[in-house]
Amino acid sequence: MKNSNFYPEFHSTTILCVRKDGKVALCGDGQVTMGNTVMKHQAKKVRRMFNDKILTGFAGSAADAFTLFELFEKKVIAFNGSLSRSVVELAREWRTDRMLRKLEALLIVADKDESYLVSGTGDVISPDEGILAIGSGGNYAYAAAKALMRKSNLSAREIVEESMKITAEICIYTNNHFTLEELT
């Protein structure tokens, strides 16, 4: 099933990334659902890699996401931490490899300078306004973050926290058990 943004709609996740004033915050909720049942409340869908210099978050199938995390980490090591080269190569391989093409997940990755959404259709998207969001609650989190970015003096971390709280109040597939990481 596709949502209005042409990305798979994954039920069980909200991942939000906000970049502001030289800082980047990436947060994911902890809820995992299967059908209409909550199976887990405190899953960790956000992690650090490459000596804590890169943040990653996923939406989608956990097994597929772990496969992508491993592949992305190999790309980051191969390109000595170059985020832009790593995401382009990941997207290229993801799109062209017969087995990888079947993976159902999306990734958001960020370092101190750049943020990207990476998909299996070959998309590598860097945001104009410093905000990326994926998952079933992604549109809610994106809208809340965009409003807070424009109308407040909150930090990147505070915008992420408030936006995720709002999303957890609205989206039934998002809970308030957050994993939040920040780079300064």
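Look up: the structure comes first, before these words.
Predicted, not measured: the structure shown is a model, and the values here were computed from it.

Asker: Can you break down the nonpolar core residue by residue, with the values?
Answerer: Counting residues in hydrophobic clusters, the biggest one holds 21 residues, and the most contacted among them are F72 and V118. Mapped onto this core, the elements with two or more residues apiece are β6 (54–60), α1 (62–78), α2 (83–96), β7 (105–110) and β8 (115–118). The greatest single-element share of this core, amounting to 6 residues, is contributed by α1. V118 has contacts with V87, L90, A91, W94, L106, L107, V109 and D123, leaving out every residue within four places of it along the chain. If you look at the next biggest cluster of nonpolar residues, it comprises 15 residues, including C27, A145, V160 and M164.

Asker: Go over helix α4 (residues 156–170), please, and point to the residues and values.
Answerer: With 15 residues, α4 ought to run about 21 Å at 1.5 Å a step, and its terminal C-alpha atoms sit 21 Å apart, in line with that. Every buried residue of α4 is listed here: A156, I159, V160, S163, M164 and T167. For α4, the buried positions fall inside an angular range of 125° around the axis, keeping them on one side.

Asker: Can you break down the pattern of salt bridges residue by residue, with the values?
Answerer: The tally for this structure, following the rule as stated, stands at 10 salt bridges. Note that E161 and R157 form a salt bridge whose closest N and O atoms lie 3.5 Å from each other. Of the two residues, E161 and R157 are both situated in helix α4; the distance of 4 residues between them amounts to about one turn of the helix. On the accessibility criterion, E161 (29% relative accessible area) is partly exposed. For R157, the salt bridge is made with E182, and the minimal N-O distance between the two is 3.5 Å. A residue pair is termed long-range when its members are at least 10 positions apart, and R157 in helix α4 and E182 in strand β11 (residues 179–183) qualify at 25 residues. Connected through shared salt-bridge partners, E129, K146 and R150 make up one network.

How each quantity is defined
Residues numbered from 1 in each chain as written. Predicted model: local features only at pLDDT ≥ 70, side-chain atom pairs only at ≥ 80, totals over all residues. Heavy atoms only, no water. Core = buried A, V, L, I, M, F, W, Y, C linked by side-chain atoms within 4.5 Å. Buried < 20%, exposed > 50% of the residue type's maximum accessible area, 1.4 Å probe, protein only. Helix = DSSP H or I, 4+ residues; strand = E, 2+ residues; numbered from the N terminus. Contact = heavy atoms within 4.5 Å. Expected span 1.5 Å × (residues − 1). Arc of directions from axis to C-beta. Salt bridge = Lys/Arg side-chain N within 4 Å of Asp/Glu carboxyl O.

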